[in-house]
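# Working through the structure, step by step
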Amino acid sequence: MARITRYSKFEGELDQLDSSELMQMIQEALLGQGMNDPYDPDPNARPSMDDLFDAILEALAERNMIPEEQLMEAMQSADIHDTALGQQIKNLMDKLQQDGFIRKEFEDQDGQGGAGQGGEATFQLTDKSIDFLGYKSLRDLMGGLGRSSAGAHDTREYASGVEMSGELKNYEFGDTLNLDTTATLGNVLSKGMENMEESDLVIRQAEYNSSAATVVLLDCSHSMILYGEDRFTPAKQVALALAHLIRTQYPSDTVKFVLFHDSAEEVPVSKLAQAQIGPYHTNTAGGLRLAQQLLKRENKDMKQIVMITDGKPSALTLPDGRIYKNAYGLDPYVLGATLREVANCRRSGIQVNTFMLARDPELVGFVKRVSEMTRGKAYFTTPQNIGQYVLMDFVTNKTKLVN
């Protein structure tokens, strides 16, 4: 059963809610699967304005924020949209649009979205929305650890002339002359400038801040929302938090996102929040192959793949483009192709860190093998704690990667 949070009675007016408060209230609905059927998922499903209406209504009701007279009217009405409460919710939806959090579109009969009238009204999250959701997810996930996000990646290396934050040291041949004027003058004033020697020079060391290229592989196969548990929504929250962390704290880093299922495709962060489950199988080899192609374009000190999955490899893209599938056990053909991609990662210096949301013995053995081959790590987590594992691993792992 889902956890229910009870709130004290809301004393204000609904129109006093600002858009950021409302976004915070409905963030789980925005990132979740909405009306997508878990037994027949549609990866191309797009949330409608009616879905947004329902999400706001549910959030208000859960928080006891609906005035009693409006609630009674809505319960007795044949169509809640025609009631005072319905109008209030429509006003809140308009405010979200006016404040730049959503963009209303219309689904044409040919399936192409457009700004003009012509079909069911849908909505897209804007860049402002994505940034808000990423920040909120990051704050929630890191706040649970009792610590704030760190700054640039620390390493054990020192390189004079990168960032003036290290200790003082005497100059040695080859160092960049980041002179500490006060310490240097203190060494030479007593004996005169004409007698200054190389050993009198004092420089301030600078911490070497490495840059990293990361590809996040998100499993969106059918199993991620089966068995009464939504594992995909927490995975998306982690991805958005990581994107926000990198953008704000590690501006020299890059991060890209790949969804893998029967096949694999890159998805921009702007589309990630509303990505849906489907199709059904797990083409891990295809995801790893695409991640390598993306990382080869990056000129970074470190390259890594963060793979979030709950299932064994069960699909493979054949040379002619057809998809070979076998959902029963670890198919030797699929496993062999997947491990070859892992070996390619190792040869390219790409570390693969796997965050597994299941604990089947076959999966444990497979994940351990992947980690050993690329000197990566394997974490067996749950949807409740995966965010803390991923974010803290990202922040703390750079020293080990560099060295």
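Just so it is clear, the structure is predicted and the values come from calculations on it, not from any experiment. (Residues numbered from 1 in each chain as written. Predicted model: local features only at pLDDT ≥ 70, side-chain atom pairs only at ≥ 80, totals over all residues. Heavy atoms only, no water.)

### Considerations on the sheet that holds strand β9 (residues 302–309)
Within a beta sheet, neighbouring strands are joined by backbone hydrogen bonds and run either parallel or antiparallel to one another. The sheet built from six strands is open, its strands ordered β8-β7-β6-β9-β12-β13 with mixed pairing. The strands lining the two open edges of the sheet, one partner per strand, are β8 (264–266) and β13 (378–380). Taken over all neighbouring pairs, the strand axes of this sheet differ in orientation by 20° on average, direction set aside. Pairing analysis gives seven bridges linking strand β6 (residues 212–219) to β9, with the strands arranged parallel. When the bridges of β9 are listed, A213 appears paired with K303. This element, helix α9 (residues 284–296), spans β6, β7 (254–260), β8, β9 and β12 (350–356) of the sheet and lies at about 160° to β6. Docked against the sheet, helix α11 (residues 361–374) engages β12 and β13, running at close to 160° with respect to β12. (Pairing = 2+ DSSP bridges. Helix = DSSP H or I, 4+ residues; strand = E, 2+ residues; numbered from the N terminus. Axes fitted to C-alpha atoms, helices over the stretch in contact; angles between N-to-C directions. Contact = heavy atoms within 4.5 Å.)

### What to know about the nonpolar core
Of all hydrophobic cores here, the largest spans 67 residues; its most connected members are I26, L52, I56, L60, L96 and I308. The leading source of residues in this core is helix α7 (residues 232–249), at 10 residues. Residue assignment places this core across two domains, with domain 1 (14–106) and domain 3 (212–398) each supplying three or more. Sequence-distant contacts of L96, defined by excluding residues within four places in its chain, comprise S19, L22, M23, I26, L52, I56, F101 and I102. (Core = buried A, V, L, I, M, F, W, Y, C linked by side-chain atoms within 4.5 Å. Buried < 20%, exposed > 50% of the residue type's maximum accessible area, 1.4 Å probe, protein only. Domains from an automatic or database assignment.)

### Looking at a nonpolar patch on the surface
Taken together, the side chains of L71, M72 and M75 define a hydrophobic patch exposed on the protein surface, amounting to about 300 Å² of accessible area. With respect to the helices and strands, the residue M72 is situated in helix α3 (residues 68–76). (Patch = residues over 30% accessible without salt bridge, like charges linked within 9 Å, V, L, I, M, F, W, Y side chains within 5 Å. Areas by Shrake-Rupley, 256 points an atom, 1.4 Å probe, with all protein chains shown as cover. Salt bridge = Lys/Arg side-chain N within 4 Å of Asp/Glu carboxyl O.)

### Side note on α9
Helical geometry: 3.6 residues make up each α-helical turn, so side chains three or four residues apart lie on a common side. Across its 13 residues, α9 extends 18 Å between first and last C-alpha, which sits within 8% of the 18 Å expected from 1.5 Å per residue. The buried count for α9 comes to 10 of 13 residues, which makes it a mostly enclosed element. (Expected span 1.5 Å × (residues − 1).)

### Brief notes about the packing of helix α1 (residues 19–31) against helix α4 (residues 84–98)
To describe two helices that pack against each other, one gives the angle between their axes and the distance between the axes. The geometry of α1 relative to α4 is characterised by a closest axis approach of 10 Å and an angle of 110° between their N-to-C directions. Of the possible angle classes, the one that applies to α1 and α4 is roughly perpendicular. Counted together, S19, L22, M23 and I26 of α1 and L92, K95 and L96 of α4 form the full contact between these two elements. By residue class, the composition of the contact of α1 with α4 is five nonpolar, one polar and one charged. (Parallel < 35°, antiparallel > 145°, perpendicular 65-115°, else oblique. Nonpolar A, V, L, I, M, F, W, Y, C, P; charged D, E, K, R; others polar.)

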